[in-house]
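These are the residues of each chain, in order.
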Amino acid sequence: MIRLNDITSDILSYHPIADIGLIEKAYVYSAKVHKGQVRLSGEPYLTHPLEVAGILTKMKMDEVSVASGLLHDTVEDTLTELSDIEQMFGKEVTGIVDGVTKISKIHFLSKEVQQAENIRKMILAMSSDIRVILVKLADRLHNMQTLGFQPPEKQEAIARETLDIYAPLAGRMGIYWLKSTLEDLSLFYLEPKIYKDIRLGIAQRQEGQEKFIREIKEILSRKLSEANIKTTIKGRHKHFYSIYQKMMEQDLNIDQVYDILAFRIIVNSVKDCYEVLGLIHSMWNPVAGRFKDYISLPKANMYQSLHTTVISPLGERMEIQIRTWDMDKIAEEGIAAHWRYKEGYESGKEMYTQYAWMKHLLESQKSLTNPKEFLETVRLDLFSNEVYVFTPKGEVKELPRGATPIDFAYSIHSEIGNRCIGAKVNEKIVRLTHQLETGDIIQILTSKNHKPSKDWLKFVKTSTAKTRIRQWIKKEGRIESITIGRDILEKELKKFNLNLTRHFSSEQLLDVVHRFSLNSVDNLLANIGYGKISAKQVLNRLVPHLGIKEDKTEGLVQKIVHKIKRKKGDTGIKVKGMSDMLIRFAKCCHPLAGESVIGYITRGRGVTIHSKKCRHIQDVDPDRLVEVEWEPSEDMTYLAKLKVTNIAKKGMLSILSAIFTQSEANILDANVQTTIDKKGISTFTIEVSDYAQLRDIISKIKKIKEVLKVERI
């Protein structure tokens with residue numbers, strides 16, 4: 001366990017005038033309020049804030065951050081009040097502790113809403129003091145390092161959230177060692193079999209690779225010394241998660257991945273960086289398309305370096321990074337490298353102004369109310385791999401890789417995007433789907449009468465473009481829905497010789513509007529147009545305003561106000577807050593009982609049930625999505641299709657069939673093929689009772705030694 005002396009020694013090594021008294025005081029207070037508490041590991045709870053503080057010193061944070069790390073759980077997990085923290089430690093520490101506490105304090109019914117709201121809290125906290133997220137990242141790192149004491153379902157959920165949100169945040173902060181560590185720990189819990197294969201694969205090649213690293217370093221040292229360039233050369237294995245990504249992207253196993261080594265060359269000046277690059281390309285052939293100049297065009301987090309990939313003397317790919325000592329410091333320490341340890345530090349607000357992506361996140365959290373859209377915006381901003389393009393006047397725009405002229409247009413102004421009809425890239429007319437490259441000069445062509453197309457959502461990459469297009473479609477769709485809703489209601493009334501304008505006053509309509517908890521007649525008509533409210537439901541509330549008394553005979557009013565009893569269908573699905581809805585399952589994703597699902601209202605065709613992960617509902621109008629839930633059913637069965645990729649071996653079909661039989665899943669169809677590279681690809685269509693049964697089957701198949709991949713298709 002790390003000790004207080006280790007923490008204070010570390011911070012004094014890089015910040016000699018740090019207020020050690022503040023840290024010692026925070027330690028004593030944390031020990032006092034956490035006394036008697038233990039972690040799941042059985043260790044005293046105090047070990048956690050100590051480790052968090054230790055991680056913060058590794059990130060070279062100031063004493064306020066380290067003290068906040070020691071105190072970060074006191075308000076949430078003890079009887080301590082924020083006023084107590086402020087009285088003893090001041091407003092700065094209190095603000096950080098409060099920010100970290102707020103990130104994880106609120107709980108919501110929907111997991112998606114909970115995740116979205118937690119991120120909103122995090123972003124809001126970051127806006128007041130960026131050190132909040134740095135303390136939170138340190139907290140998450142130690143929690144990942146001790147995740148083995150949590151139950152399996154929590155391990156998977158926490159690891160997934162870490163991979164989706166916290167690792168990309170660390171990357172955006174420029175703290176790449178932290179990003180890589182979080183990714184590797186997440187992989188350990190999410191894909192344990194693949195993690196083990198990568199570790200064993202590297203271990204088996206370790207002796208040969210260490211020899212190769214020594215030889216390459218000697219060759220580089222000799223060549224650069226001849227050119228009178230002073231340098232430090234480092235060689236290492238790539239991180240497990242980056243190797244895993246390559247395996248997934250290229251459908252390889254660990255034995256087929258060769259470029260797992262990377263070298264870093266650190267020199268004294270920018271001039272030396274480019275000279276070293278030239279020397280390396282003269283020694284070994286560079287791989288086309290793999291050179292990146294982040295010195296001329298730094299990343300948004302101020303990262304700078306030259307990246308190139310060359311063919312090594314053994315004929316394998318080899319990645320090389322070239323940078324100065326200052327650049328290396330920023331690459332290692334990220335945002336913390338910009339702290340000033342003199343009479344003060346750069347405040348969170350000042351630091352935040354240097355991070356354009358953070359500014360965009362703050363703007364998004366204010367304008368986006370739909371959790372799904374907000375989470376997509378966050379992921380787009382965190383995972384972007386940038387290209388740098390220019391306006392005709394020479395202004396640089398940073399966009400994610402794969403961005404199109406539409407993305408560029410919206411980055412200038414929403415009206416430019418809305419009216420875009422074409423583009424010129426480097427003086428040549430291109431398609432709107434054209435993918436921009438670093439260095440391109442883009443000119444947008446517009447027309448006052450042009451409108452955004454829903455098809456744009458299929459290829460735009462930036463969250464800004466997606467948000468603006470959806471806003472336009474939503475606005476246009478609402479106008480169309482009001483018209484459709486009015487037509488539907490008037491047709492329904494016409495069946496009973498009633499007229500909307502003649503028979504019902506505005507007060508009567510408003511009364512009906514309020515009964516549906518809406519605030520305008522247009523909203524009522526729009527809901528009818530969308531299919532969220534049926535014309536019959538409106539009739540049931542409108543007819544009493546006529547003053548016609550219902551008699552015992554089956555008359556006109558009886559027919560109108562007669563309530564149709566909902567017959568429980570055999571779909572096993574219930575639409576929340578609705579009745580009399582036609583239900584059908586999407587053929588694109590075949591959702592299973594127990595799987596997270598969502599309903600999509602199709603005009604005139606009821607509700608189509610999709611898996612929440614289905615790509616076909618990712619860009620639809622969120623106003624046409626409805627919450628649905630599964631109803632208990634013992635007799636229902638559902639179709640699922642699995643694709644199993646394995647190393648070719650006799651008897652594999654028999655082994656797989658046995659798993660289906662043991663799991664009581666009926667095989668309706670099976671197709672087995674063997675590829676040229678000796679892989680077996682089996683596709684099965686099976687009947688299962690629910691999603692839990694399918695997950696159990698997939699888990700059993702993954703345990704087979706020869707199986708490389710199992711996927712639901």
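Residues numbered from 1 in each chain as written. Predicted model: local features only at pLDDT ≥ 70, side-chain atom pairs only at ≥ 80, totals over all residues. Heavy atoms only, no water.

When you go through the chain residue by residue, the secondary structure sums to 27 helices and 20 strands. Within the span of the chain, comprising 713 residues, buried residues form 49% of the whole. A fraction of 66% describes how many contacts in the chain between residues 6 or more apart in sequence connect residues 24 or more apart. Accessible area of the chain: about 36,500 Å², with a carbon and sulfur share of 50%. (Helix = DSSP H or I, 4+ residues; strand = E, 2+ residues; numbered from the N terminus. Buried < 20%, exposed > 50% of the residue type's maximum accessible area, 1.4 Å probe, protein only. Contact = heavy atoms within 4.5 Å. Areas by Shrake-Rupley, 256 points an atom, 1.4 Å probe, with all protein chains shown as cover.)

Turning next to helix H11 (residues 192-226). Its axis deflected by about 60 degrees at glutamine 206, H11 carries its strongest bend there. When we look at burial in H11, the residues that qualify are Ile194, Tyr195, Ile198, Gly201, Ile202, Gln209, Phe212, Ile213, Ile216, Leu220 and Leu224. Those residues of H11 hidden inside the fold are in contact with helix H10 (176-190), strand S1 (232-237), helix H12 (240-250), strand S2 (261-267), helix H13 (270-283) and strand S5 (317-324). The first or second residue beyond H11 is asparagine 228, which carries a positive phi of 60 degrees. (Bend = angle between axes of the 7 residues up to and from the residue.)

In this section: the sheet that holds strand S10 (residues 442-446). Reading across from one edge, S9-S8-S10 is the order of the three strands in this open sheet, with antiparallel pairing throughout. Both outer strands of the open sheet, strand S9 (428-430) and S10, are each paired with one neighbouring strand and no more. With direction set aside, neighbouring strand axes in the sheet form an average angle of 35 degrees. Where strand S8 (residues 420-425) lies against S9, three bridges are found, and the strand directions are antiparallel. (Pairing = 2+ DSSP bridges. Axes fitted to C-alpha atoms, helices over the stretch in contact; angles between N-to-C directions.)

Within a pair of aromatic rings, the relevant descriptors are the distance that separates the centres and the angle that separates the planes. Across all of its chains, the model carries eight aromatic pairs by this definition. Here the aromatic rings of tyrosine 29 and phenylalanine 89 are separated by 5.8 Å at their centres, their planes lie at 75 degrees, and the arrangement is edge-to-face. Taken together, the positions of tyrosine 29 in helix H2 (residues 20-33) and phenylalanine 89 in helix H6 (residues 82-105) put the pair 60 residues apart, joining distant regions of the chain. In this structure tyrosine 29 comes out as buried when scored by relative accessible area, which is 11%. For phenylalanine 89, a relative accessible area of 8% corresponds to the buried category. One aromatic cluster is present, formed by Phe188, Tyr189, Tyr195 and Phe240 through successive ring pairs. The aromatic ring of phenylalanine 89 is capped on one face by lysine 25, whose charged end is 5.4 Å from the ring centroid. Here the guanidinium or amino end of lysine 58 rests over the ring plane of tryptophan 177, the centre of that ring lying 4.1 Å away. (Phe/Tyr/Trp six-rings, centres within 6.5 Å; stacked < 30°, edge-to-face > 60°. Lys NZ or Arg CZ within 6 Å of the ring centre and 35° of its normal.)

Here we take up the sheet that holds strand S19 (residues 679-688). Across the sheet, which stays open at both edges, the four strands sit in the order S18-S19-S17-S20 with antiparallel pairing between neighbours. Either end of the sheet is taken by a strand with one partner, and the two such strands are strand S18 (666-674) and strand S20 (707-712). For this sheet, the mean angle separating the axes of adjacent strands, direction not counted, is 15 degrees. With ten bridges joining them, strand S17 (residues 638-647) and S19 adopt antiparallel strand pairing. Of the residues in S19, the one forming a bridge with threonine 645 is isoleucine 681. Packing of helix H26 (residues 652-662) onto the sheet brings it into contact with S17, S18, S19 and S20, and relative to S19 it is tilted by some 20 degrees.

Okay, the nonpolar core next. Judged by nonpolar contacts, the single largest core of 69 residues is most densely connected at Met59, Leu137, Leu178 and Ile198. Ranked by the residues each element gives to this core, the list is headed by helix H8 (residues 131-145), at eight residues. For leucine 178, the residues in contact, after removing those within four places along its chain, are Met59, Leu137, Leu141 and Ala170. Among the nonpolar cores identified, the runner-up in size contains 31 residues, and Ile583, Val607, Ile704 and Val707 belong to it. (Core = buried A, V, L, I, M, F, W, Y, C linked by side-chain atoms within 4.5 Å.)

Before going further, it helps to spend a moment on the pairing of S2. Of all seven residues in S2, seven are buried; the element is thus mostly enclosed. Going residue by residue along S2, you find Leu261, Phe263, Ile265 and Val267 tucked away on one face and Ala262, Arg264 and Ile266 tucked away on the opposite face as well. Looking at chain direction, S2 and S5 are connected through six bridges and run parallel. Its bridge partner being in S5, isoleucine 265 is matched across the sheet by isoleucine 322.

With that settled, consider the side chain of arginine 140. Its place among the elements puts arginine 140 in helix H8. By relative accessible area, arginine 140 is classed as buried at 9%. When sequence neighbours within four positions are dropped, the list of residues in contact with arginine 140 reads Ile158, Glu161, Thr162, Tyr166 and Leu182.

Moving on to the packing of helix H9 (residues 152-172) against H10. At their nearest, the axes of H9 and H10 sit 9 Å apart, and the two run at 160 degrees to each other. On the basis of the axis angle, H9 is roughly antiparallel to H10. The chirality of how H9 crosses H10 is left-handed. Residue-level inspection shows Gln155, Glu156, Ala159, Arg160, Thr162, Leu163, Tyr166, Ala167, Ala170 and Gly171 of H9 in contact with H10, the latter providing Tyr176, Leu178, Lys179, Leu182, Glu183, Ser186, Tyr189 and Leu190. Class assignment of the residues belonging to the contact of H9 with H10 gives a composition of ten nonpolar, four polar and four charged. (Parallel < 35°, antiparallel > 145°, perpendicular 65-115°, else oblique. Left-handed = near helix turned anticlockwise from the far one by under 90°. Nonpolar A, V, L, I, M, F, W, Y, C, P; charged D, E, K, R; others polar.)

The interhelical angle for the contact between helix H1 (residues 4-14) and helix H3 (residues 47-58), taken along N-to-C directions, is 15 degrees, at an axis separation of 9 Å. On the basis of the axis angle, H1 is roughly parallel to H3. Here H1 and H3 pass one another in a crossing that is left-handed. On the side of H1, the interface is formed by Leu4, Ile7, Asp10, Ile11 and Tyr14, while H3 contributes Leu50, Ala53, Gly54, Leu56 and Thr57. Looking at the contact of H1 with H3 residue by residue, the class counts come to seven nonpolar, two polar and one charged.

This part takes up the environment of leucine 525. As for its position among the elements, leucine 525 is in helix H23 (residues 521-530). Setting aside chain neighbours within four positions, we find leucine 525 in contact with Ser481, Ile482, Gly485, Arg486 and Leu489.

Residues shown with low pLDDT carry predicted positions that ought not to be read at fine detail. When pLDDT is averaged along the chain, the result is 79, and 81% of the positions lie at 70 or above. Low confidence marks residues 340-354, where pLDDT is under 50. Its contacts with residues over four positions away, or in another chain, come to 32 contacts. A low-confidence stretch, residues 548-569 (pLDDT under 50), is modelled with 25 contacts involving residues beyond four sequence positions or located in other chains. (pLDDT = per-residue confidence, 0-100.)

A negative phi angle is the norm for most residues apart from glycine, just as the trans form is the norm for most peptide bonds. With phi around 60 degrees, asparagine 228 is a residue other than glycine that occupies positive phi space. Structurally, asparagine 228 is set in the loop between H11 and S1. Residue classification places asparagine 228 among the exposed residues on the basis of a relative accessible area of 71%. Its identity as a non-glycine residue notwithstanding, glutamate 427 has a phi of 75 degrees, on the positive side. Tracing the backbone through its elements, the reader meets glutamate 427 in the loop between S8 and S9.

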